[in-house]
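The residues making up each chain are set out below.
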Amino acid sequence: MVSGTVTVKEVTLGEGMPKICVPLVSGTLAELEKEAGALRALAPDVVEWRSDFFAEVEDITAVIAALERIQAILPDLPLIFTFRSAREGGEKEISTDYYIQLNKAAAQSGLVDIIDVELFNEENTVRDLIAAAHASGVFVILSNHDFQGTPSEEEIVSRLCRAQELGGDLPKIAVMPGSPGDVLTLLAATNRMQEQYADRPIITMSMAGEGVISRLAGEIFGSALTFGAAHKPSAPGQVAVTELRSVLELLHRSL
């Protein structure tokens, strides 16, 4: 089965080398501006703002002001807006009502290209946020992060299929390995999803040191986006951008 592609600004996900996304993880606006400026030199394909790291995330006016600054500094790069909940490895917890309000404000601001919505919210919350994003011409990563372990291949495929059925443009799953066998499970599930079910790009990774191979081998197994670190990783196992790019290019040339 050939998956579709998603093109954001000048970047097409789902063809060729996996695209490199770098997260912004600063706590204040001044630090965020500095971090975004430093990112320009690394030339990632995509930027993600992890707003759960931002001290003023519970003030929508401050969030929009921060998005304006990021957009001014990195105007050409696709921008993902993410609030990662504490239960999925993020920095803090907010109410469901505020989570909806925050993501809708970001999607409707005209300042972001993609929002990340967590799959394990209530179904009506997920559908509402996807509809709001799509109405504003914004794509949705529908994500799940399992820090407790690696589900079965069957369950990983099931979660990715569910994200696709609900209308997520980019189904995503990140899992925590307890053994090299768990990494193989994630890669096998990615390959199976890509070959049998996916009609759009998918994003998968096995976290921590053991899972690093999954961040490098996306082009072979079927993951369209990989996350690299600029200075501070936003998840365990992220590789520095320059090293990540050289390995991705090496693998790409071999295919």
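Here the structure is a predicted model, which means the values were calculated and not measured. (Residues numbered from 1 in each chain as written. Predicted model: local features only at pLDDT ≥ 70, side-chain atom pairs only at ≥ 80, totals over all residues. Heavy atoms only, no water.)

Trainee: Is there a simple way to think about unusual backbone geometry in this case?
Mentor: Phi is positive for A43, which is not a glycine, with a value near 50 degrees. Within the fold, A43 resides in the loop between α1 (29-42) and β4 (46-50). Its identity as a non-glycine residue notwithstanding, A208 has a phi of 65 degrees, on the positive side. Mapping A208 onto the fold places it in the loop between β9 (203-206) and α7 (212-216). (Helix = DSSP H or I, 4+ residues; strand = E, 2+ residues; numbered from the N terminus.)

Trainee: Hey, could you run me through the pairing of strand β3 (residues 19-24) in this one?
Mentor: Residues in a regular strand point their side chains to alternate faces of the sheet. Counted residue by residue, β3 has six buried out of six residues, so it is predominantly covered. The alternating pattern of β3 places K19, C21 and P23 and I20, V22 and L24 on opposite faces, both of which are buried. In this sheet, strand β10 (residues 225-229) lies alongside β3 in parallel orientation, the contact comprising three bridges. Paired with C21 across the bridge in β10 is F227. Relative to β4, β3 runs parallel, the two sharing four bridges. Bridge assignment links V22 to a residue of β4, and that residue is V47. Running through α1, the crossover from β3 to the neighbouring parallel element β4 is right-handed. (Buried < 20%, exposed > 50% of the residue type's maximum accessible area, 1.4 Å probe, protein only. Pairing = 2+ DSSP bridges. Right-handed = clockwise from strand over helix to strand, strands pointing away.)

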